[in-house]
Amino acid sequence: MGNLSFLVKKYNNVLQNFSYLTVLQVFNIFFPVIIYPFLIDLFGLELWGKIILAQSLALYVSLFVDFGFDRYATKEVSIFRNDTENLSKIVSCVVMLRLALGIVAFTLYFLAIYNIDFFKGDEVLYLLFFGLNFNFILFPKWFFQGIEQMKYIVIINVSIKLAFVFLMFLTIETRDDYIYVPLFFSLGALVGGAIGLGIMLGFKKVQFRLYEFNTYYHYLKQSYLLFASSLVVSIKDRFNIFIVGYFLGMQEVALYDISIKMISIITQPVESINGAIFPKVSKELNMTFVKKVAMYTLLFVLSLLLVVQFFLYDIFSFLNIDEPQNVGSIRLVLLSAPFLTLSVFLARNCLIVHNKFNLLFKSMVWTTVFYSCLIAILFFVGHLTFNYILIVVFLVYLFEFLYRYFLAKHNNLLSMKIREKIGRYYYGKGTFGFIMKPMVFVYDIWRHHIMDEKTFIQNRFKRRMGYELNLDNPQTLNEKIQWLKLYDRTDLHTICADKIEVRNYVEQKIGKEHLIPMLLVTENVEDITYETLPESPFIIKTNHDSGSYKIIKDKNEVKNWKVLRQFFAKKLKTNFYYSSKEWQYKHIPPKILVERLLQSKDGEIPKDYKVHCFGGKPKYIQLDFDRGTEHHSRNWYDENWDKANFHWAIKLKSGKETLPNKFNVPKPPTLEKILKFAEILSEPFAYARVDFYSVEGKVYFGEITFHHDSGFRPIVPKEWDYKLGEMVRLPRK
């Protein structure tokens, strides 16, 4: 029950978004069920095919109106949702660009309709259907998805569609009333778009402004690859209906549309789930989470597929099609649903969130080439029939999935590195552990001692953070920490990383009275004995690495002093530099030090205030709770002791993260002193974390850390990785 409560709390936004989008997708499933039988029975397959063809052409134009913003703008809004300046810029530019693109699209569409013989006699039908593009010109679906407020998308869409479906049933009585179909669809798109736009512009953090041409051009340029990829992929996804209509006839158009609609119904959950998790994945780049969600979604899609296959004849009967042709080919094309499901996950929540637009475009280009070759072969051999076109659709979806999976694996966007894979056996027991341990040992020697620093850091950064490290122009705090590792190296860094030598630095800067009393310093583990250590509580630690310590509250409770000495003997032999490439640890002579254990009057170990300083200015304080347990949590405060709007967590063995808690922690009475001392000690450094303890009104120095968590932990939301990165002024190389 506790794990369920934790998961619900952790993924609350995702669950809410999924719930709203599921309502919309369920409605979209039943919308054709409500209206298709009525209209097909009234109009017949021939006229219904003509209506579908006109609708498809209008929606094809929407690709140009959207210009990739539905995906690019969603990602940008999710990152900058709390940044008024950037959010206003995104909204203002996307709205103006879509309006301009809509005007251009209508002009070209109008000229085509009245100058191409194929459309003669049906000009009004095609022009009215263009109104569907108001849904792309005006309705800001991308904004609501980015701020994770899917309820607006659902409420507006469902309400408008229900209203206009009701109007259709009231007004459409004969075959001659077919013109009301595009009229009501377009009016619904216009009204819904206007309402959505009004709600978006009413948000406090959105201020509509006009910008210089270069700003608009920037957004066009950024979304261009997404537009180009959509345009390319539309050839295989949408062009078939035009081929069917031109070469075969309108009845075949109707049957083809019904087949594709069934695939769409089967895969409706895919769109809901991808849309719900997209903002979270964009911020956190958690591919393990994506893979789990994709597998559960696939199982659900397979279940729906079995149901549709079983009741296929009943579905056609319900649509007033008594003797459907080409049922075998329709069954085959329905089998493409599972491949489409996984392909969408790979595109949206893998390639796009990793900014691999070029790979997405590449997958679409080669899939379109594959499709075009198959269609060309059918045309030249004279087999451009309905059955063969459906077989092509199945093969194309299969090819697209396989190629995207290859790209994701090849670029290490999904799979674990070899170290993690064989590590499962390394830490396990039995034959596999016996075989793998020597292999891991050799691999670690190569990785830590032979591989150059830059390559090591770039590889680990990509694996941990999910995107390429930019050392030429680092923007995020994590990127700048990696830059500082490689290019900001002084003797003072080594002195301050040495837990013994740093004491002289602290004594000179803020005074000896702020140092924890030191009881013993030694290079020989044999000095760690019952006789040489005090009766009072103490802590044993090494001076040259991170996290190597043992707290001893009562030396009489130490069960095995030999094991304790072995622990520190092993630590003395390791050089922490090789595991993290943090240069300041490389040349520290390894020693053991024993300090008095700080405790309150109640015997409690005091809180550890970790102050993150930027250019010598303390900005944020990290406070950990229940360290060493599965309840470990971590709060972040600014210098006024207000909770920060981000978290920088570590992952525990249980899979939980050290997320902020709801404890109302009072402002420490020594905070002013702590911040003052942190400023003094961090003054020479571009970025440093300075730790202090507060005991009975007195402040004690803990340590100085230059690369918090080695710069390999995501900051959530991601926009704060950029904001904190802006605070770091990098020195010259």
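In case you missed it, the structure is sitting above this.
Read on for an overview of the structure. What you see is a predicted model; the values in this text were computed from it and never measured. (Residues numbered from 1 in each chain as written. Predicted model: local features only at pLDDT ≥ 70, side-chain atom pairs only at ≥ 80, totals over all residues. Heavy atoms only, no water.)

Between the first and last C-alpha of helix 17 (residues 357-381) there are 36 Å, a value that for 25 residues agrees with the 36 Å anticipated at 1.5 Å per step. The complete set of buried residues in helix 17 reads Phe357, Leu359, Leu360, Ser363, Met364, Thr367, Thr368, Tyr371, Leu374, Ile375 and Leu378. Phi turns positive one or two residues past the end of helix 17, at Gly382, with a value near 75°. (Helix = DSSP H or I, 4+ residues; strand = E, 2+ residues; numbered from the N terminus. Expected span 1.5 Å × (residues − 1). Buried < 20%, exposed > 50% of the residue type's maximum accessible area, 1.4 Å probe, protein only.)

Turning our eyes to something else, we now look at the pattern of salt bridges. This structure, assessed with the given rule, holds 20 salt bridges. For Asp608, the salt bridge is made with Lys610, and the minimal N-O distance between the two is 2.8 Å. On the basis of relative accessible area, Lys610 is assigned to the buried category, the value being 5%. (Salt bridge = Lys/Arg side-chain N within 4 Å of Asp/Glu carboxyl O.)

Relative to the assigned elements, Ser329 resides in helix 15 (residues 327-334). Those residues in contact with Ser329 that sit more than four places away from it in its chain are Asn387 and Leu390. (Contact = heavy atoms within 4.5 Å.)

Moving on: the packing of aromatic side chains. Here the structure, examined in full by the defined rule, presents 40 aromatic pairs. Residues Phe118 and Phe119 carry aromatic rings whose centres are separated by 5.6 Å and whose planes lie at 85° to one another, so their mutual orientation is edge-to-face. Centroid distance Phe614 to Tyr687: 5.3 Å. Interplanar angle 50°. Geometry classified as tilted. Taken together, the positions of Phe614 in strand 5 (residues 608-614) and Tyr687 in strand 9 (residues 687-695) put the pair 73 residues apart, joining distant regions of the chain. When sorted by exposure, Phe614 lands in the same class as Tyr687, which is buried. Ring-pair connections join several aromatic residues into one group, and the members of that group are Phe106, Tyr109, Phe110, Tyr114 and Phe130. Taking the ring centre of Phe567 as reference, the NZ or CZ of Lys550 above it sits at 4.5 Å. (Phe/Tyr/Trp six-rings, centres within 6.5 Å; stacked < 30°, edge-to-face > 60°. Lys NZ or Arg CZ within 6 Å of the ring centre and 35° of its normal.)

What follows is about the sheet that holds strand 6 (residues 617-625). In space, the five strands of this open sheet follow the order 7-6-5-9-10, with antiparallel pairing throughout. Here the strands that pair on one side only, and so sit at the sheet edges, are strand 7 (633-638) and strand 10 (698-705). Strand-to-strand twist in this sheet, taken as the mean axis angle between neighbours without regard to direction, amounts to 25°. Relative to strand 9, strand 5 runs antiparallel, the two being bridged by seven bridges. Each residue of the ladder has a partner; that of Val611, found in strand 9, is Val690. (Pairing = 2+ DSSP bridges. Axes fitted to C-alpha atoms, helices over the stretch in contact; angles between N-to-C directions.)

Purely geometric numbers; function is a separate question.
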